[in-house]
Amino acid sequence: MELKRTAIAGTLESSDIRIIVSPNQNGIEIELQSDVEKQYGDKIKEIMYEEIKKKNIENVHIEALDQGALDYAIKARIKTALDRAIQ
Amino acid sequence: MGKNSLRRSMLYIPGNNPGMIQDANIYGADSILLDLEDSVVVSEKDAARKLVSEALREIDFSNLEITVRINPLTTEFGQKDLEVVVPSQPDALRLPKTENAKEVKEVDKLLSKIEKNNNLEIGRIEIMPMLETALGVLNAYEIATSSERVSALTIGGEDLTADLGVKRTASGEEIFTARSSIVLAATAAGVDALDTIYSKVDDIEGLIEETKFIKQLGFSGKAVIHPKQIKAVHQVFTPTEEEISESKKIIKEAEKAESEGLGVITVNGKMVDGPIIDRARKILNYSKQL
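Residues numbered from 1 in each chain as written. Chains lettered and ligands numbered in written order. Predicted model: local features only at pLDDT ≥ 70, side-chain atom pairs only at ≥ 80, totals over all residues. Heavy atoms only, no water.

Attention now moves to the packing of helix α9 (residues 204-217) of chain B against helix α10 (residues 230-237) of chain B. All names here are of chain B. Relative to each other, α9 and α10 sit at 35°, their axes nearing to 9 Å. Our pair here, α9 against α10, has a crossing hand that is right-handed. Note on element contacts: α10 touches α9 through A232, V233, V236 and F237, opposite I204, L207, I208, T211, K212, I214 and K215. For the contact of α9 with α10, the per-class residue count stands at eight nonpolar, one polar and two charged. (Axes fitted to C-alpha atoms, helices over the stretch in contact; angles between N-to-C directions. Helix = DSSP H or I, 4+ residues; strand = E, 2+ residues; numbered from the N terminus. Left-handed = near helix turned anticlockwise from the far one by under 90°. Contact = heavy atoms within 4.5 Å. Nonpolar A, V, L, I, M, F, W, Y, C, P; charged D, E, K, R; others polar.)

Written as structure tokens, this is what we have:
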């Protein structure tokens, strides 16, 4: 599955995560900015990787700005961004 | 949670707001309304339904009844809301602007289909139609009895007054008949009647007055839009110590009379018959749940 466009999901409000996904040619790249990067950075990226794999996406650039989102919100936002980019 | 759940308060939560969704269970409401309709802009409908769906799967809402207000099936969003949210098993769905039994039956059918496709218990998710138009109110009884899933009728005051072409007032005379009609229909159908929101969030006195009034009309709960409204609403709907002890007295006398083969009983010098005994029983059941 290839991304057709750049898409955004989520907001900069507390407990949310804003995710920008865009097409690229370099595989899966994730740039994460989060106050809890040290403790949870890997977990956050793992959630995103899982959703990317589920949709059979091999190339995507992701820019994520985290405001303390819990797992369910990260999952929902990445799903939304990817769906918006694929349609 | 089922048809006999305590529904004194239903707290509206905008479905696209993770901060509010995940805090929903700390406010003490009896029930939560995760909203995909009026509080979510069109461009975010897709995001909100995914957020609500994931929240339902992961967050432990413990004893809270979780209801999702989907968009009407007449819009492009309603069907997708069902497809995404139903597999995550909310306790109930609120259907906005319901106008007739046919609409409810359609949702019932779709729900059963999605439940079947997802190996879920068929029929478990309840439906709470919102009556927000003149036609909806007039069709209240047929709507209330349209499906086994219907567990409550609710009124949407803001939209109803818009339909009537009048302003919503504190005294509420413009929706008085609608409120009563809905209580009558709900009672005849054996389902709950739940009242509309009180929009002046800072006016707790006004909220208490309105809640007392609608309780007297026969509503068993009220929707709220801010956590600070919950305590006041609960206070109005909670039986007093006096009501509870009188109810215990009545039940005791009624059981005694039954065992002695007596028909009519008196408690505190007042004649007490069937309906009064039923009400006493309801109060005791209610207080047991608190």
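From this point, the discussion proceeds with the structure in view.
Time to look at the packing of helix α1 (residues 37-54) of chain A against helix α2 (residues 71-86) of chain A. Residues and elements named next belong to chain A. Close contact between α1 and α2 brings their axes to 9 Å; oriented N to C, the two are set at 40°. Classified by the angle their axes make, α1 and α2 are oblique. Read as a crossing pair, α1 and α2 show a hand that is right-handed. For the pair formed by α1 and α2, the contact residues are K43, I44, I47, M48, E51, I52 and K54 on the first element and D71, I74, K75, I78, K79 and L82 on the second. Residues of the contact of α1 with α2, tallied by class, amount to seven nonpolar, no polar and six charged. (Parallel < 35°, antiparallel > 145°, perpendicular 65-115°, else oblique.)

This part covers the sheet that holds strand β3 (residues 28-33) of chain A. Residues and elements named next belong to chain A. Here four strands make up an open sheet; going across it, the order is β1-β2-β4-β3 and the pairing mixed. Looking at which strands have only one partner, the edges of the open sheet turn out to be β1 (7-9) and β3. Strand-to-strand twist of the sheet, defined as the mean angle between neighbouring strand axes without regard to direction, takes the value 15°. (Pairing = 2+ DSSP bridges.)

This part takes up the side chain of E54 of chain B. Within the secondary structure, E54 of chain B is located in helix α2 (residues 45-58). What makes E54 of chain B buried here is its relative accessible area of 3%. The contact partners of E54 of chain B, leaving out residues within four places of it in the chain, are Y72, K75, A76 and K79 of chain A. (Buried < 20%, exposed > 50% of the residue type's maximum accessible area, 1.4 Å probe, protein only.)

Let's shift gears to α10 of chain B. Residue and element names in this part refer to chain B. Of all eight residues making up α10, six are buried, and the element is well covered by its neighbours. All buried positions along α10 are accounted for by I230, A232, V233, H234, V236 and F237. Considering only its buried residues, α10 is in contact with β1 (9-14), α9, β8 (221-224) and α12 (274-289).

You will see that N56 of chain A, though not glycine, has its phi angle at about 55°, which is positive. As for its position among the elements, N56 of chain A is in the loop between α1 and β4 (60-66). The phi torsion at N119 of chain B lies on the positive side, around 55°, for a residue other than glycine. Examined against the element boundaries, N119 of chain B turns out to sit in the loop between α4 (101-117) and β5 (126-131). Taking relative accessible area as the criterion, N119 of chain B reaches 75% and is therefore assigned exposed.

Looking now at the pattern of salt bridges. Evaluated as defined, the whole model comprises 29 salt bridges over all chains. Note that D71 of chain A and K43 of chain A form a salt bridge whose closest N and O atoms lie 2.9 Å from each other. You can see D71 of chain A sitting in helix α2 and its partner K43 of chain A sitting in helix α1, a full 28 residues away along the chain. Taking the relative accessible area as the measure of exposure, D71 of chain A reaches 29% and is therefore partly exposed. Residues R7 of chain B and E65 of chain B are paired through a salt bridge, measuring 2.7 Å at the closest nitrogen-oxygen approach. Placement of the pair is R7 of chain B in the segment before β1 and E65 of chain B in strand β3 (residues 65-69), with a sequence separation of 58 residues. As far as burial versus exposure is concerned, R7 of chain B and E65 of chain B are alike and both buried. (Salt bridge = Lys/Arg side-chain N within 4 Å of Asp/Glu carboxyl O.)

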